[in-house]
Amino acid sequence: MPKSIALLGSTGSIGKNTLNVIAAHPEKFQLSSFAAGKNVALAVEQALKFRPRFVSLATKEGAEEARQALPAEIDVVWGKDGLETVAQDAEADTVVAAVVGSIGLRATLAAIAAGKTVALANKESLVAGGELVMRAARKKGVPIVPIDSEHSAIFQCLNGEKRAQVSRLILTASGGAFRDFDRSELHNVTVEQALAHPNWAMGQKLTVDSATMMNKGLEVLEAYWLFDIPFEQIDVVLHRESIIHSMVEFVDSSVIAQLGTPDMRIPIQYALTYPERLPAPYGERLDLAQMGTLHFIALDFERYPCVKMAYDAGKAGGTMPAVMNAANEVAVDQFLQGNIPFLGIEQIVARVMEAHTPQPVEELEALEEVDARARAAARDIMMNTFA
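Everything numeric here is computed off the predicted structure, so don't read it as measured data.

**Q** So, the nonpolar core: which residues are in play, and what are the values?
**A** In this structure, L8 and M324 are the most contacted members of the largest nonpolar core, which totals 128 residues. With 10 residues, helix α14 (residues 320–336) is the largest single contributor of residues to this core. With residues near it in sequence (within four places) discarded, L8 still touches A35, L83, V86, A87, V95, V96, A97, A98, V99 and A107.

**Q** Tell me what's going on with the environment of S125, and back it up with residues and numbers.
**A** Tracing the backbone through its elements, the reader meets S125 in helix α6 (residues 123–140). Considering only alpha carbons, one finds S125 and E222, 97 residues apart in sequence, at a separation of 8.7 Å. In this structure, S125 is in contact with G104, L105, T108, L120, G130 and V133, ignoring residues within four places of it in sequence.

**Q** Help me get a handle on the side chain of N325, residues and values and all.
**A** The topology assignment puts N325 in helix α14. In this structure, N325 is in contact with S102, E124, V127 and L218, ignoring residues within four places of it in sequence.

**Q** A description of empty space enclosed by the protein should follow, citing residues and the corresponding values.
**A** Gaps left between atoms show up when a probe the size of a water molecule is rolled over them. One pass over the structure, following the stated rule, counts one cavity of 30 Å³ or more. Taken together, R183, L186, A211, T212, R303, Y304, P305, F342 and E346 make up the lining of the largest cavity. Classifying every residue of the lining of the largest cavity gives five nonpolar, one polar and three charged.

**Q** With reference to specific residues and values, describe the sheet that holds strand β8 (residues 166–173).
**A** Strand order in the open sheet made by the five strands is β11-β10-β8-β9-β12, with mixed pairing throughout. A single partner strand is all that each edge strand has here, and the edge strands are β11 (255–259) and β12 (297–298). Where strand β10 (residues 244–250) and β11 come together, five bridges link them in antiparallel fashion. If you follow M247 over to β11, its bridge partner there is A257. Contacting β8 and β9 (234–238), helix α10 (residues 214–227) crosses the sheet at an angle of about 150° to β8.

**Q** Break down the side chain of Q258 for me, with residues and values.
**A** Note on placement: Q258 falls in strand β11. If we skip the residues at most four places from it in the chain, Q258 touches A153, Q156, C157, I243, I244, H245 and S246.

Rules used throughout
Residues numbered from 1 in each chain as written. Predicted model: local features only at pLDDT ≥ 70, side-chain atom pairs only at ≥ 80, totals over all residues. Heavy atoms only, no water. Core = buried A, V, L, I, M, F, W, Y, C linked by side-chain atoms within 4.5 Å. Buried < 20%, exposed > 50% of the residue type's maximum accessible area, 1.4 Å probe, protein only. Helix = DSSP H or I, 4+ residues; strand = E, 2+ residues; numbered from the N terminus. Contact = heavy atoms within 4.5 Å. 1 Å grid on protein atoms, 1.4 Å probe; cavity = no way out; pocket = protein on both sides within 12 Å on 5 of 7 lines; lining within 4 Å. Points joined across faces, edges and corners; volume = space filled by probe spheres on them. Nonpolar A, V, L, I, M, F, W, Y, C, P; charged D, E, K, R; others polar. Pairing = 2+ DSSP bridges. Axes fitted to C-alpha atoms, helices over the stretch in contact; angles between N-to-C directions.

Following this line, the structure appears as structure tokens:
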């Protein structure tokens, strides 16, 4: 029987690539349900192609519009409750958590509570609520299989290895759209420039995070929770080509790396088939002879302060990572709207973090309250500083 998939975030970059993987292997996968955002037209198109049991839209109005366009056998739900309905789909074997932002945390926890295998691409679930997620996964015995290319690489490099023999994890980073810019050149960069990623095709928020390198900071926090490795043993190195997706160094100085062309369908497919592998009828094969040379540069915290903020947030622990993440989401959104300059993103995040005293993470509702206060603080700073 094909593995049944519930997809959270069908209209985003990861979601669309997940649907490509499902379509390429109809004998292996079927789409049981999905949650989309506000792109009703694309959600309807996806539903007509894959015929899931039910579909969730972000808003009630979007759900009504979709309901009019879809056959009666496809049930349409909406909002946060709809997102959780998809996460707990009784027929799904695996839930792909691919929504962008901290909204994905509650849905990820719902999937775990329902005993689903979670293929995780939602960074914020672990950044904001890593303690809650991993505690729940351990209690329920639920596998968390990473989709992000960096964490998928580490996951693969660790297969069959003893964690006690790991010396360090090495996350690679392309450097984003401004990797060849000095900080003095960043004051007047545009949204269009920030969205011109040199290697990967991603959504707007993640692409801006790549330009600030906050995405790499978030990945450091994810790696801490996924692999139970201290922050002192997690490093980041700049790697322009995005061919080595990450590496693991062991105590005997051996280094195992996972390589491949930058195509998100490969780690998505691996997350859905683990521990098996399937042929990939898409993407380019890696030709190292043609590539010729791979480049690596040490990470400079002064050039990329968002990465240092993430390390600091992780070491502070408690609610600090959630606060950092919430402030970043607000700041990135304001930059995309043209309300703040590019460097305003890190300024807002730094000021919100400075004003916060971390508290233990004990329950989701309290964490959501902290998240809301951090967002309000970020908006206040934006209005008082940049308006």
